[in-house]
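Summary of the model geometry
Now for the letters of each chain:
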Amino acid sequence: MATTFIGKKSAAAGGWGALKSCGRKLLESGSPLTGARTMLKTNQPDGFDCPGCAWGDPEHGSSFEFCENGVKAVAWEATEKRATPEFFAAHTVGELRALSDYELELNGRLTHPMRYDAASDRYLPVDWEQAFAEIGTTLRGLDSPDRAEFYTSGRASNEAAFLYQLFVRMYGTNNFPDCSNMCHEASGVGLKQAIGVGKGTVLLEDFEEADAIFVIGQNPGTNHPRMLGDLRRAAMRGARVVVFNPVRERGLERFSDPQDKIEMIRGGSTDIASHYFQPALGGDMAAVRGMAKVVLAAEDAAVAAGEPSVLDHAFLAGHCVAFADYRRAVEATGWDEIEDQSGLTRAEIERAAQVYMKAGRVICTWAMGVTQHLHSVATIREIANFMFLRGNVGRPGAGLCPVRGHSNVQGDRTVGINEKPPAAFLEALEKEFGFTAPRKDGHNVLAAIGAMLDGSAQAFIALGGNFARATPDSALVSQALGRQKLTVNIATKPNHSHLMPGEVSFILPCLGRTEIDLNSRGESQLVSVEDSMSMVHGSGGINRPASRHLRSEVAIIAGIAAATVGSGRVDWLALAEDYDLIRDHIAATIPGFEDYNRRLRKPRGFHLRNAAAHREWDTPAGKATFFTGPLPQETVHQRARRENNRFALQTFRSHDQYNTTVYGLDDRYRGVYGERQVIFINPQDLHELGAEAGDRIDVVGVHDDGIERVARNFRFVPYDIPRGSIAGYYPELNVLVPLGSAGEESDTPTSKSIMVTFRDREAA
C-alpha cells in the first residue's frame, strides 16, 4: 500500500527547515518584500504584537523577535489575495462548504461588508451603516438580551474587548462565550483556587534563573516556537528540562536556533529535554502525585538520618494551608494506582522527582495537554501542590506558568470578557458609565451552543475566530448556528463559520494586527495586548490595509453598539476615534491599569502585578491552598483498555497550522506531508489491528448519548506514542468531541480524552 505521505521527520526543530518554510510562506503571500519588512517590526517596541501566540517578549529584546509560525501568521494576513464581492458572487454558500479550511482561506482577505441572501444562497455587498442598523434592529427586537450570544477570539485587542463587553453589558447580558473556555479555563479555575489568581506567576526573565523546568502536556515547537529559544538557553547553561508528553515531539527533543549563526553553519542543534517521559493520555495528575510521593518519602528519610530537610518548611508553615491533609492523600495513593493511571513506571517517576529535589529553583509550564481533560482542574491543583512542597512559587527563577494560546486570550479576560464577572468589576463599570449592569451569570461556549440548539438563543455575534471549527461536536454546532435569527462574524478572511448563516447573516471585514489603523483625522491608532507573563504591550500596524472598506474591530463594535443601545450614555463613535479614551476608562475600572496611556508607550510596555508572585494569596484562607482529593477514579486510557478495540484520542495541531487556521498540508516535525486526515498510533497497536501504515479507516466516537459521531476516511501513521493512546489534527477531528463531555469545574471540552474505535472504510 502506498504511504508516500509519510516521510522523513526534521532532525531538529527550527534550523534550515524553518528558514525555508518562512521564505516559502512569504513568497506564497504574493508580497515577499512587504512580508519581510513587516517581520522586522514584529514584537518590537515601535511595531506590532505578533498575531500568533502569547509567549512573552524579553526586556532585552533582540533585533529579531519572531519565529516560523509568526512568519506564517503575518504572511497569512499580509497576502495579496482578496476575497472580493466578485468571489462571493461566483460561489454559493453551498459550494463553498465543500472546500476544506485550507482551501477556503486561500482565497485571501475580505474586502467589503457582506450580507447573506437566502434566495440566491450567496453573500452580497452591503453598506456599513445599513449593516449596523439591521443588526441593531434585530438585537433590540429579541424579547430578552439573554437570547443573544457574544463570542470573543483571543485575537481581539484589549481596547476592542473592553468596548465589546461594555456594549454587551449595557445591552443587558453576560453571555460571553470565549475562546478561553475551550483552552485554559481549567488553568484559571485551578490557579484561582490554589494561589488566588488565575494567571501564571513567572516573568520571562525567570527562565534565565531556573535550575529545572518541567514542561507538561505542551508542544512549544509548533504552538509557541519562541519558547524553544528560552528552553535552549536554559539547557545550554545546565538547567534540566523535564518533559511529560504522550507524543514524542521534535521541538522538545532538539532545537536549532536560526539566530545562532555558528549552529546554522555547522548544521548542529541543541538538546532541549534532559528527561522525556511519555504518560498515557490523562495520566499527568498521577505522574505529578507520584513525584510528590517520592519527595515526601525523601523528606522522611532525611529526618530519620538527621540530614537537611527536602521540604521548604518555612514556606509550608507561613504560606500554605491543608498540607497535612494533602500528605495523607498522597500516602493513601498506592504505587500500583499511580503506575497504572500515569502509564509510567515508578522508576521513571523517581528519576523526574530527583531532578526536582536537586533543583533550587523550578518552573512548571503546561498547556492544553493538561487543560482539556475531565479532571484538568484537579491536575492543575496537583501541579501547584507539587510546587508548594519546596517553595517554588513567589520567588525568582521559580513559579507556575500556563502558556496561553492566542496572542491576547489572557488580556481579553483581564479587561472583562467573562461570563461570570466579579461584582467589583461590575460596580466599577456602573460608577464609570452610569448604568445598571446585569448580575446573572452568562453563557460560556458549551452553554451558548446548548442555548442555540434549544432555541433559547436567537442571535450570535463573533468578534474574530472561527467558532464553528474551534468548537466540539461540529455537526451539532452547524445546526445551532443555522437556527439563529442573526449571525454576525467580524473577520479578516472567509472561514467555515460564515457558511452556516442564520436567517440574517453578516460578514464584517476588519483590519488585521499588521495594518495601519487610522482615525478620521488620519492619526494612527495604537492597541494593546497582554501576554502569558502578564506583560501589556502596545501594538501599531505598519502595512496598508487590504481594502479601503475595512474598519477596525473597535470601529465595528462602536457601530453596532451605537445602533443597538444608542449613544446617550456612551459616545461610541468618539471612543472609536481615540483609543486613548478607551484606555482611560480601563484605567478607571480595572486595577493595575493606572496611568495606562503613558505606561503603554514605554518600550515593551508594563507588567500587571501578580499578587501570588509576591506571596500574597487572595484565597478564602488567605494562603496558598493544597488540593487534598484523590486521583480520578478512572482516566480515558484506563476505560479504553477495559473494552475491546477502544482507544483514547487526543486532538492537536499540525506544524503547519495555528488554532483553526491551516497554513499548509505538511507537518515536517512529525514526518507527514500533504495530508491532514491521519491518525498517529503506536506500531504495536497498528499490528494488533491487522492494519498497515496508510490504511484508510473511519474513526467512530464512543459516547453514551445515542448520537453517531464519525470522522471519515483517515489514514494510519505509526508513531512514538503510548499504546492505547492515539492522536490526530483538529478541526478535522472535532466532530468526535461530544458536547456532553466537559471538564469538571472548567466546562472545557475534553478534546484530549475522547473514546473512539475504528471501522473499515468498506463498512461505512
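Whatever comes next refers back to the structure up there.
Report on the accompanying structure. (Residues numbered from 1 in each chain as written. Predicted model: local features only at pLDDT ≥ 70, side-chain atom pairs only at ≥ 80, totals over all residues. Heavy atoms only, no water.)

**A look at the sheet that holds strand β18 (residues 527–530)**
Read from one edge to the other, the open sheet built from 3 strands follows the order β18-β19-β20, with strand pairing classed as antiparallel. In the strand order of this sheet, the two ends are held by β18 and β20 (606–607), each with one partner. The pairing of strand β19 (residues 535–539) with β20 spans 2 bridges and is classified as antiparallel. Residue pairing across strands places valine 536 opposite phenylalanine 606, the latter belonging to β20. Helix α8 (residues 158–171) rests against β18 and β19 of the sheet, and its axis sits at about 90° to β18. (Pairing = 2+ DSSP bridges. Helix = DSSP H or I, 4+ residues; strand = E, 2+ residues; numbered from the N terminus. Contact = heavy atoms within 4.5 Å. Axes fitted to C-alpha atoms, helices over the stretch in contact; angles between N-to-C directions.)

**Concerning the packing of aromatic side chains**
Using the criterion set out here, one finds 31 aromatic pairs in the structure. An angle of 85° between the planes, with centres 6.2 Å apart, marks the rings of phenylalanine 214 and tyrosine 356 as edge-to-face. Here phenylalanine 214 is found in strand β7 (residues 212–216), whereas its partner tyrosine 356 is found in helix α18 (residues 346–358), with 142 residues between them in sequence. With 4.7 Å between their ring centres and 50° between their planes, phenylalanine 460 and phenylalanine 467 make a pair best called tilted. Judged on exposure class, the residue phenylalanine 460 and its partner phenylalanine 467 are both buried. The structure contains a cluster of three or more aromatic residues connected by ring pairs, namely Phe315, Phe323, Tyr326, Phe388, Trp617 and Phe626. The ring of tyrosine 658 has arginine 653 sitting right over it, with the charged end atom 4.2 Å from the ring centre. The aromatic ring of phenylalanine 680 is capped on one face by arginine 670, whose charged end is 6.0 Å from the ring centroid. (Phe/Tyr/Trp six-rings, centres within 6.5 Å; stacked < 30°, edge-to-face > 60°. Buried < 20%, exposed > 50% of the residue type's maximum accessible area, 1.4 Å probe, protein only. Lys NZ or Arg CZ within 6 Å of the ring centre and 35° of its normal.)

**A few points about the layout of surface pockets**
Counted as a void, the largest pocket has a volume near 1400 Å³. If you go around the largest pocket, you meet 44 residues; those closest to its centre are Lys192, Gly198, Arg413, Asn418 and Pro422. Among the secondary structure elements, those contributing two or more residues to the lining of the largest pocket are α9 (185–195), α21 (409–414) and α22 (423–433). At 5 residues, the largest contribution of residues to the lining of the largest pocket is made by α9. Considered class by class, the residues forming the lining of the largest pocket number 13 nonpolar, 18 polar and 13 charged. (1 Å grid on protein atoms, 1.4 Å probe; cavity = no way out; pocket = protein on both sides within 12 Å on 5 of 7 lines; lining within 4 Å. Points joined across faces, edges and corners; volume = space filled by probe spheres on them. Nonpolar A, V, L, I, M, F, W, Y, C, P; charged D, E, K, R; others polar.)

**Looking at the state of the cysteines**
Applying the stated rule across the entire model yields 0 disulfides. There is no disulfide at cysteine 183, and the cysteine sulfur nearest it, in cysteine 179, is 5.5 Å away. (Disulfide = S-S within 2.5 Å.)

**Observations regarding the sheet that holds strand β11 (residues 275–277)**
Strand order across the open sheet formed by 5 strands is β11-β8-β7-β13-β14, with parallel pairing between neighbours. Each having just a single partner strand, β11 and β14 (399–402) make up the two edges of the open sheet. Going from strand to strand, the sheet's axes swing by 15° on average, the running direction of each strand aside. Two elements, strand β8 (residues 240–244) and β11, share 3 bridges in a ladder whose sense is parallel. Residue pairing for β11: valine 242 is matched across the bridge by histidine 275.

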